[in-house]
Amino acid sequence: MATIQDIEQLRYPAGPMPRSSAPLDARTREEYLAILEATPARIRSLVSGLSDQQLDTPYRPGGWTVRQVVHHVPDSHMNAYVRMKLAVTESQPAVKTYEEARWAELPEARSAPVTMSLDLLDALHRRWVAFLRALPDADFGKTFSHPEWGIVSIDESLGMYAWHCRHHTEHIRLVIKT
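A brief look at the structure comes next. Because the structure is predicted, anything quoted here is derived from the model rather than measured.

Below, the discussion takes up the pattern of salt bridges. Enumeration over the complete set of coordinates arrives at 13 salt bridges. Taking the shortest distance from any N to any O, the salt bridge between arginine 133 and glutamate 37 comes out at 3.1 Å. Here arginine 133 is found in helix 7 (residues 114-134), whereas its partner glutamate 37 is found in helix 2 (residues 26-47), with 96 residues between them in sequence. Between glutamate 105 and arginine 110 there is a salt bridge, with the nearest N and O atoms lying 3.0 Å from each other. A cluster of three or more residues bridged by salt bridges with shared partners is formed by Arg29, Asp137 and Asp155.

Turning next to the nonpolar core. One broad trend across soluble globular proteins is that nonpolar side chains are buried collectively. Leu36, Trp128, Phe131, Leu132, Ile154 and Leu158 are the most contacted members of the largest nonpolar core, which totals 26 residues. When residues of this core are traced back to their parent elements, those giving at least two are helix 2, helix 4 (66-89), helix 7 and helix 8 (154-177). Ranked by residue count, the leading element in this core is helix 8, at six residues. Discounting chain neighbours no more than four positions away, the residues touching leucine 36 are His125, Trp128, Val129, Leu132, Leu158, Tyr161, Ala162 and Cys165. Tyr59, Val66, Val114 and Ile172 belong to the second-largest nonpolar core, a separate cluster that totals 17 residues.

The subject of this paragraph is the packing of helix 2 against helix 7. For the pair helix 2 and helix 7, the least separation of the axes is 10 Å and the interaxial angle reads 165°. By the angle between their directions, the pair helix 2 and helix 7 is classed as roughly antiparallel. The crossing of helix 2 and helix 7 is left-handed. Between helix 2 and helix 7, the contacting residues are Glu30, Leu33, Ala34, Leu36, Glu37, Thr39, Pro40, Ala41, Ile43, Arg44 and Val47 on the first element and Val114, Leu118, Asp119, Leu121, Asp122, His125, Trp128, Val129, Leu132 and Arg133 on the second. Across the contact of helix 2 with helix 7, the residue classes tally to 13 nonpolar, two polar and six charged.

Turning our attention to unusual backbone geometry. Of note in this structure, glutamine 92 is not a glycine but carries a positive phi near 40°. For glutamine 92, the position within the fold is in the loop between helix 4 and helix 5 (100-104).

This part takes up the layout of surface pockets. As a volume, the largest pocket reaches approximately 670 Å³. Lining the largest pocket we find 26 residues, and of these Trp64, His72, Glu100, Trp149 and His164 sit closest to its centre. Of all elements in the fold, only helix 4, helix 5 and helix 8 reach the threshold of two or more residues within the lining of the largest pocket. Sort the elements by how many residues they give to the lining of the largest pocket and helix 8 lands first, with seven residues. Its residues assigned to classes, the lining of the largest pocket shows ten nonpolar, ten polar and six charged.

Our next topic: the side chain of aspartate 75. The topology assignment puts aspartate 75 in helix 4. Leave out the neighbours within four places in its chain, and aspartate 75 touches Tyr98 and Trp103.

Thresholds, definitions, all that
- Residues numbered from 1 in each chain as written.
- Predicted model: local features only at pLDDT ≥ 70, side-chain atom pairs only at ≥ 80, totals over all residues.
- Heavy atoms only, no water.
- Salt bridge = Lys/Arg side-chain N within 4 Å of Asp/Glu carboxyl O.
- Helix = DSSP H or I, 4+ residues; strand = E, 2+ residues; numbered from the N terminus.
- Core = buried A, V, L, I, M, F, W, Y, C linked by side-chain atoms within 4.5 Å.
- Buried < 20%, exposed > 50% of the residue type's maximum accessible area, 1.4 Å probe, protein only.
- Contact = heavy atoms within 4.5 Å.
- Axes fitted to C-alpha atoms, helices over the stretch in contact; angles between N-to-C directions.
- Parallel < 35°, antiparallel > 145°, perpendicular 65-115°, else oblique.
- Left-handed = near helix turned anticlockwise from the far one by under 90°.
- Nonpolar A, V, L, I, M, F, W, Y, C, P; charged D, E, K, R; others polar.
- 1 Å grid on protein atoms, 1.4 Å probe; cavity = no way out; pocket = protein on both sides within 12 Å on 5 of 7 lines; lining within 4 Å.
- Points joined across faces, edges and corners; volume = space filled by probe spheres on them.

These figures come from the coordinates and say nothing about function on their own.
Given below as structure tokens:
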């Protein structure tokens with residue numbers, strides 16, 4: 001029987017989501033951008049050749065299936081991309097949350113081919129990384145206001161979403177290892 005500690009390790013295989021309001025140095029920012037840039041190919045490689053049975057396997061008891069994870073990542077990252085663009089173009093805009101667990105239960109997230117989300121993730125990340133690499137350093141300090149997270153800078157959000165990439169890549173790896 002799995003312990004609470006085992007379940008937490010399965011739930012957060014990349015550790016807890018980091019929160020740091022400190023500005024990123026150039027090296028760290030580039031490391032995070034490289035993670036965003038590489039994630040679509042990493043996820044595509046991990047799920048390539050998986051059967052529907054494997055895609056419909058949860059990464060932990062009570063967790064999402066690989067298919068739901070693959071569909072979730074672009075859903076989440078589209079929200080992040082828009083939040084960052086709002087932060088650059090508006091003065092500390094208030095952003096919405098979304099019910100990610102409910103989105104993961106929608107019919108296409110539960111049963112659609114993963115290729116559509118892999119293609120979306122490829123295009124989204126190319127655009128997102130191009131946007132971030134073109135930003136002046138000062139713009140990484142611009143912020144948005146999130147109802148749950150509070151005031152979040154683009155730098156902090158970048159760190160959170162680099163973690164998010166690793167987090168869900170590890171969820172997929174957990175299923176492949178079993």
